[in-house]
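Structure assessment
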Amino acid sequence: MLTRTGRLIVVVCSLLLWCDAAIPASAESASDADSSPPLPEGVVVCDIREGIVTDDPWNRGAGRITMQWNQPVAAVPRVPKKYDTGAVIVDRTTPFVLRLRCRAMLPAGTWQVLARARSQSRLRIDGEVASTLAAMQKNASGHERVPELADPVHEFMHPVPPGDQEVLTSVTFNGDEPHTFEFETVVGGSGVRLEAGETLLAIAREGEEFQLLSPVQETVFCDEASWRRYAAEYQAFVRDFEQQERQRQDAATAEYWDHRHRVAAELTTIAPIESPRQIDDVISAKLSAEGLQPTAVIDDLTFLKRLALSTAGVIPSPEEIAWFRSLPEANRREQAVDRFLNDDRWADHWVAYWQDVLAENPGILKPELNNTGPFRWWIYESFLDNKATDRFATELTQMKGSQLGGAAGGFAMATQNDVPMAARALVLSTAFNARDMKCARCHDSPVREFRQQELFQLAALLNREPLQIPDTSSVPVGPNGERPSAITVSIEPGATIEPTWPFADDGDTSAAAADWEALIQNAEDPRDQFALHLTHPMQSPFAQVIVNRLWGRLFGRGLVANTDDWSFDGPVHPELLDSLAAAHIHCGYDLKATARLILLSETWQRAAVPAESPLAEWSAAPVKQRLSAEQLVDSLYAAVGKDFGAEMLTLDPEGRRPASTFLNLGVPERAWQFCGLSNERDRPALALPVAQGLIDLLSVFGWRESRPHAISEREHSATVLQTLTLQNGNAGHRLIQLSDGAATTEICVTADSVDSLIDHLFLQLLSREPSSDERFTFRAALSDGFESRVVPGAKVRTQPRIYRNAVSWSNHLNAEATRIKLQLEEDARNGDPPTERLTETWRQQAEDVIWVLLNSPEFAFVP
């Protein structure tokens, strides 16, 4: 086995191999393997062939290769997404064929070759069929027998996931020449989801441990721990590969956006903010006029923790703290801002916010029933790519791409809604123009200037044709033809509304038609017309609204206090908001560049103040605010060094039903990836107990299990249930357990003194050093038994994954399914088995200390 350092070196080399050859193949039909060009040496060539003949999937004359990439080993834990022009996520044809090919030299002797896949597959070695797997059968019942899960062929091997299958073949090699391996598997089909499962080839000599087939002799064993490491590395590779695919598909569209941003900057007449100091000058002048004194600038570690939470959405790691401390004091904060703005976790942090603002509400059961599609992946990739904010709003308005596969097309779904596009117009208007038009959904607003006709004009634009008002979209008339006196209706049911922008120009009305033509993407498309009205640099408040949302996230309060509705209150610093908006336009609507100006300001780096403080009112310092539910949960698990350990978010892990019936949102790695579990009847057999424990924790801190409507501000009131859930819930129990694999456990095992242990725990959990009083208190708690705490000869325990079971929708009505899930719920309550490397008495003392630190108010608040 490689050392940790050696392993990292291999990972870097692997990524280089993967990325160098991540170039899609031509659209021409692929020929049979026997007549294909010679395989390149040292890589596994993977490709996807679409448009195949279902009854003859191995026919190379049918279909075409639509994606190809190289990698060092023969295992594909996840198939990359497909993108069309404009980097739009689109669905592949169903079924398609995933193929892995390589040439590998193996020493002479008899080898076991293991092939694993989900459905119909064949393995050919040197052109001859060596083994096959049967086609997966779709399911139409919940009464099937719960199948026995296959044991792995080797004692320590990563087990076969539910729904997957494998076949073992003995092959004798002479060792004189390399051999050609070709493994093909059919993915998807009629009535099943497009999921490949875990597609892999592994090899082993008799009695030896299996490892993934590699033409470069890269050693990746197939035990559980090694597979998890590989799967995590592969996830990072796929993310990079998909980003390259988006860039490749986006060339022409990116050129349009570059041109549009140049035009927008030329049209802008307000001087932009150019330095953080200008922000400070505006705030300082107002404080002087009001006779107020600013709070002090926070210390370095407090700054770093606030920065990490505000950009990556999670507390800083000890390694990040050490890096920060190693920097020259004169510019360490600037370097830290640049590092964290360039961190991919920026995307994770922003997804959660926009899921609320845009009411992203996927249901894993019957996803087309009164839900949106899961356009979460489009949000994530938009922030991962640092997509310009005007493009972000435009693409959402266009609603292109897969509805159930993660594209902006999912935003178009609003089933069980009499006018879906009216619901979408409400969200867009509020999110990007701060026009709250909720009342106008059924009648003219009694408190704002918006009329129902205006909302339906927007809806007609999104609909791309005139809309007729249904009876259900108007306040009903009473028996005598009257309506409540406070209610007026400008349009009656049955009226036809034409698609047109209903509002006067919001800004400079002198913009010539030529400017409009220079900015519009497709003048013939009503949705593009809507999008340009929504985001126009001179005739829309879009840039100001986006900057206000950014300021509100960073300070806890916007320059305009009501982020969603500007009908009543204006900004506390109008010139500052306009100048920041101009800066946002001039930098090409780059949210990171705009955030950098704010993060480097002295104003943002000042000590937080209560929400009722005059300093908060004037945006002179961040408001003291609790972590969001996602920040809290992500930070808790980062602090103890554990992953969520949650189940795959689906009720059909085998993939035997279509995506229109069951979504699979994958195994969550960040808190934003959770969703409602669609088990309103509380059927034990449909429970996902680990995920449910995390959802319970998220929910009590303001996260919404369903998002039927859009919000920007969550409820932040403190409740007893929050404390009880964190201190006594399943998720909280697992957090404090000193189990093997946790960072806190390693700290406790390896600390060379009590004081060193306390220092490390405070840095790991609270991102700071302990005070002298804290050190005294915790020394008393940890000293007894410290010297003898480590159990001689005790081994590291492999942590079980309790989610591996064969229960699914296919058999959830079987009594055995309920018995299995009830046992899994008990396992979830028990949490991880504790380490055997620490004596029980001392371990429990240390867990009490960790419990105190994690449940301290300090942990729950942005510093």
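Residues numbered from 1 in each chain as written. Predicted model: local features only at pLDDT ≥ 70, side-chain atom pairs only at ≥ 80, totals over all residues. Heavy atoms only, no water.

Comments concerning helix α8 (residues 345-357)
Its 13 residues give α8 an end-to-end C-alpha distance of 19 Å, which sits within 8% of 18 Å, the value for a rise of 1.5 Å per residue. In terms of residue burial, α8 counts as a mostly covered element, since 12 of its 13 residues are buried. Residues of α8 that are buried: Trp346, Ala347, Asp348, His349, Trp350, Val351, Ala352, Tyr353, Trp354, Gln355, Asp356 and Val357. Ala359 sits one or two positions beyond α8 and adopts a positive phi of about 55°. (Helix = DSSP H or I, 4+ residues; strand = E, 2+ residues; numbered from the N terminus. Expected span 1.5 Å × (residues − 1). Buried < 20%, exposed > 50% of the residue type's maximum accessible area, 1.4 Å probe, protein only.)

Points about empty space enclosed by the protein
One pass over the structure, following the stated rule, counts five cavities of 30 Å³ or more. For the largest cavity, the calculated volume is near 100 Å³. Looking at the lining of the largest cavity, the elements with two or more residues in it are α8, α9 (376-384), α10 (389-398) and α15 (542-555). When residues in the lining of the largest cavity are grouped by element, the largest group, three residues, is from α15. (1 Å grid on protein atoms, 1.4 Å probe; cavity = no way out; pocket = protein on both sides within 12 Å on 5 of 7 lines; lining within 4 Å. Points joined across faces, edges and corners; volume = space filled by probe spheres on them.)

Quick look at the pairing of strand β6 (residues 96-104)
With respect to burial, β6 is a largely interior element, eight of its nine residues being buried. Looking at chain direction, β6 and strand β11 (residues 179-187) are connected through nine bridges and run antiparallel. Residue pairing in the sheet places Leu98 in a bridge with Thr185 of β11. (Pairing = 2+ DSSP bridges.)

Here we look at the nonpolar core
Ranked by size, the top nonpolar core spans 102 residues in total, and within it Trp354, Leu358, Ile379, Phe383 and Phe432 carry the most contacts. Sequence-distant contacts of Ile379, that is, excluding residues within four places in its chain, are made with Val351, Trp354, Gln355, Leu358 and Phe392. Residues Ala629, Leu651, Leu688 and Leu766 belong to the second largest nonpolar core, which totals 66 residues. (Core = buried A, V, L, I, M, F, W, Y, C linked by side-chain atoms within 4.5 Å. Contact = heavy atoms within 4.5 Å.)

Remarks on the sheet that holds β11
Spatial ordering of the open sheet is given by β2-β1-β6-β11-β8-β9, a layout of six strands whose pairing is antiparallel. The open sheet has two free edges, formed respectively by β2 (64-71) and β9 (128-133), since each of these has just one partner strand. Strand after strand, the sheet turns through a mean of 15° between neighbouring axes, direction not considered. Examined bridge by bridge, strand β8 (residues 121-125) and β9 share five bridges and lie antiparallel to one another. When the sheet's bridge partners are listed, Arg122 is paired in β9 with Thr132. (Axes fitted to C-alpha atoms, helices over the stretch in contact; angles between N-to-C directions.)

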